[in-house]
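Chain by chain, the residues run as shown.
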Amino acid sequence: MPSIRPHPDFTSLRELPDSYAWNHQPDSDYPSSADAESVPIIDLTDPNAVQAIGHACKTWGVFQVINHGVPTHLFDMVESTSRDLFSLPVNQKLKAARSPDGISGYGFARISSFFSKLMWSEGFTIVGSPQEHFRQLWPHNYINHCDVIKEYKQEMKKLAGRLMCLMLGSLGITAEQDIKWAGPKADFNEASAALQLNYYPACPDPDRAMGLAAHTDSTLLTILYQNNTSGLQVLREGVGWIKVPPIPDALVINIGDLMHILSNASFPSVLHRAMVNRTCHRLSIAYLYGPSSSVKISPHPKLVGPSQPPLYRPVTWNEYLDTKAKHFNKALSWVRACVPLKGMVDVNEHNNSLKVG
Ligand SMILES: C=C1C[C@]23C[C@@]1(O)CC[C@H]2[C@@]12CCC[C@@](C)(C(=O)O1)[C@H]2[C@@H]3C(=O)O
Ligand SMILES: O=C(O)CCC(=O)C(=O)O
Ligand SMILES: [Fe+2]
C-alpha cells in the first residue's frame with residue numbers, strides 16, 4: 001500500500017525525472033472528432049435547466065455551470081489561500097502532511113499508490129475544519145485562511161443541494177418526497193463533503209508528465225473550480241479525451257460513482273484526468289460532495305422495476321471510500337449486484353502506468 005515518499009521541490013527540477021515520465025498513448029488512437037465535441041455549458045437561470053442537466057448527466061456525466069450564484073470574490077479568496085499554501089517551502093508544507101492512515105492534510109494524490117509513475121502535482125485535502133493543519137502552516141494568520149475555507153464550503157454546499165434537486169428532478173425524483181435524507185426542506189443539510197486543493201506546477205516536459213491520473217470521483221457530485229490554465233480532460237467513450245477549458249466564473253460539475261449507483265447507472269460517473277503545462281502552473285479546487293455517514297446509497301426505487309433490476313447493492317460513502325482505497329478503478333464492480341453490466345468503461349485501457357494486480 002502507499003509508500004510515503006518525500007515531496008520533491010518541483011521548482012528545482014529542470015528535467016522530468018524518469019519516475020515522472022508516463023508512457024502516454026498517442027491521440028491518434030481516437031478519431032479526430034475529439035476536437036469537435038465540447039462539454040455542455042448550462043445556465044442555471046435558464047428555465048429549461050432541469051432538462052439540460054438531465055441530458056448532460058445521461059450523455060456526458062459532466063457539464064459546466066454559469067450563473068450559479070456563487071460570488072466571484074470567493075473564488076479569488078480561495079485561490080489566494082491555495083496559492084499561499086502551495087508556495088510555502090516544502091518543509092513548512094510537510095508540517096501539515098497527511099498521516100499514512102489520515103484523510104486531511106498535504107500530500108501526493110491519494111491514488112498514487114496504484115501507479116508505477118509519479119504525478120506532477122501536490123494536494124491538500126480538507127475534511128472538517130482545517131484549523132489544526134493551518135495553524136502549523138501559518139502560525140500567525142491561520143484564522144483568515146480558515147474563514148475563507150469555511151465560507152467557500154458553505155457556498156458550495158448550497159450549490160450542491162440545488163444541483164442534487166435538478167439532477168434528481170430530471171429523473172422524476174423529487175428530493176422532498178423521494179429522498180428522505182434530503183431533509184424536510186430538501187436542502188440536503190446533513191450531507192458531507194471534502195475539499196481538495198490541487199496544485200500543478202509548470203513542468204519541463206508536459207507531454208510525458210501526468211498531473212492527476214484518470215479516475216472517477218467517489219462522490220454523488222463534484223464541483224470543480226479551475227484557474228485560468230487548462231488541463232482538465234474528460235473521457236468521451238468512442239471519441240477520446242476532451243479538454244474542459246476554463247471559462248471565467250464557470251464551475252465544472254462531475255457525476256461521481258455514488259450518483260451513478262443512485263441513478264441505477266442512468267448517469268455515468270465520468271473518467272477524468274489533469275494534464276500539466278510547460279509555462280503556467282495550474283490550480284483547481286474540488287468540492288467532493290456525498291451523503292452523511294449513516295446514509296446508504298442504492299439504486300432509487302423509482303428507477304428500479306421488473307425490466308430494470310437494481311444494478312448495485314446499498315453502500316455508505318465510507319464503505320465505498322474504503323472499497324475505492326483498496327480496489328480503485330474496480331470499486332464499482334465490488335458493489336455491483338449480481339447482474340452483468342454492459343458497456344462499463346475499463347479504466348485500465350486509459351491508464352497505462354497503472355500497477356497490475
Ligand atoms: C472524500 C474523498 C474523495 C477522495 C478521497 C476523499 O477521502 C478525499 C480526497 C478525494 C480525492 C480527490 C482527488 C481524486 C480522488 C480519487 C483522490 O485520490 O482523492 C478523490 C477521492 C475519491 O473521490 O475517491
Ligand atoms: O485538477 C483537475 O482539473 C481535476 C481534479 C480532480 O479530478 C479531483 O480533485 O478529483
Ligand atoms: Fe476528480
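Since we're looking at a predicted model, the values are computed, not measured.

Caption draft 1: Structural view of unusual backbone geometry. With phi around 55°, Asn-67 is a residue other than glycine that occupies positive phi space. Structurally, the position occupied by Asn-67 is in the loop between β2 (62-66) and α2 (72-86).

Caption draft 2: Inspection of the confidence of the model for the protein chain at higher detail. Scored by pLDDT, the protein chain comes out at a mean of 91, with 91% of its residues at no less than 70. Of the two predicted TM-score estimates for the complex, the pTM is 0.94 and the ipTM is 0.99.

Caption draft 3: A look at the coordination of the iron ion (ligand 3). Within the protein, the atoms that donate to the iron ion (ligand 3) are His-215 (NE2), Asp-217 (OD) and His-272 (NE2), at distances of 2.1 to 2.2 Å. A residue is classified by how much of its surface remains accessible, and His-215, at 10% relative accessible area, is buried.

Caption draft 4: Region of the structure containing the site of ligand 1. Every one of the 13 residues lining ligand 1 counts as a neighbour, but Arg-110, Ile-111, His-215, Asp-217 and Ser-218 are closest to it. Within the backbone of Ile-111, a nitrogen or oxygen atom sits 3.5 Å from an oxygen atom of ligand 1. A distance of 2.4 Å is found between an oxygen atom of ligand 1 and a side-chain nitrogen or oxygen belonging to Ser-218. Here ligand 1, which alone exposes 460 Å², has 92% of that area covered by the protein. Put simply, the parts of the chain that give the shell around ligand 1 at least two residues each are β5 (192-200) and α8 (317-327). Here the residues of the shell around ligand 1 sort into six nonpolar, four polar and three charged.

Caption draft 5: Expanded view of the site of ligand 2. Taken together, 13 residues are adjacent to ligand 2, and Asn-198, Tyr-200, His-272, Arg-282 and Ser-284 come closest. At a separation of 2.9 Å, an oxygen atom of ligand 2 approaches a polar side-chain atom of Asn-198. Side-chain polar atom of His-215 to an oxygen atom of ligand 2: 3.2 Å apart, as the coordinates give it. Relative to its unbound accessible surface of 300 Å², ligand 2 loses 96% to contact with the protein. At the level of elements, β5, β6 (212-215), β11 (272-274) and β12 (282-290) are the ones that each hand at least two residues to the shell around ligand 2. Along the lines of polarity and charge, the residues of the shell around ligand 2 split into six nonpolar, five polar and two charged.

Caption draft 6: Up close: the pairing of β2. With four of its five residues buried, β2 lies for the most part within the structure. One ladder, built from three bridges, connects strand β1 (residues 41-43) with β2; its direction is parallel. Paired with Ile-42 across the strands is Val-65, a residue of β2. Taken together, β1, helix α1 (residues 49-59) and β2 form a β-α-β motif whose crossover is right-handed.

Caption draft 7: Region of interest: the packing of α1 against helix α5 (residues 142-169). At their nearest, the axes of α1 and α5 sit 8 Å apart, and the two run at 80° to each other. Comparing their axes, α5 and α1 come out roughly perpendicular. Together, Val-50, Ile-53 and Cys-57 of α1 and Leu-163, Leu-166, Met-167 and Gly-169 of α5 make up the contact between the two elements. Across the contact of α1 with α5, the residue classes break down as six nonpolar, one polar and no charged.

About the criteria used
Residues numbered from 1 in each chain as written. Chains lettered and ligands numbered in written order. Predicted model: local features only at pLDDT ≥ 70, side-chain atom pairs only at ≥ 80, totals over all residues. Heavy atoms only, no water. Helix = DSSP H or I, 4+ residues; strand = E, 2+ residues; numbered from the N terminus. pLDDT = per-residue confidence, 0-100. Donors = N, O, S within 2.8 Å, 3.2 Å for Na, K, Ca; no water. Buried < 20%, exposed > 50% of the residue type's maximum accessible area, 1.4 Å probe, protein only. Near = heavy atom within 4 Å. Polar contact = N/O pair within 3.5 Å; in protein donor to acceptor, adjacent residues only side chain to side chain. Areas by Shrake-Rupley, 256 points an atom, 1.4 Å probe, with all protein chains shown as cover. Nonpolar A, V, L, I, M, F, W, Y, C, P; charged D, E, K, R; others polar. Pairing = 2+ DSSP bridges. Right-handed = clockwise from strand over helix to strand, strands pointing away. Axes fitted to C-alpha atoms, helices over the stretch in contact; angles between N-to-C directions. Parallel < 35°, antiparallel > 145°, perpendicular 65-115°, else oblique. Contact = heavy atoms within 4.5 Å.

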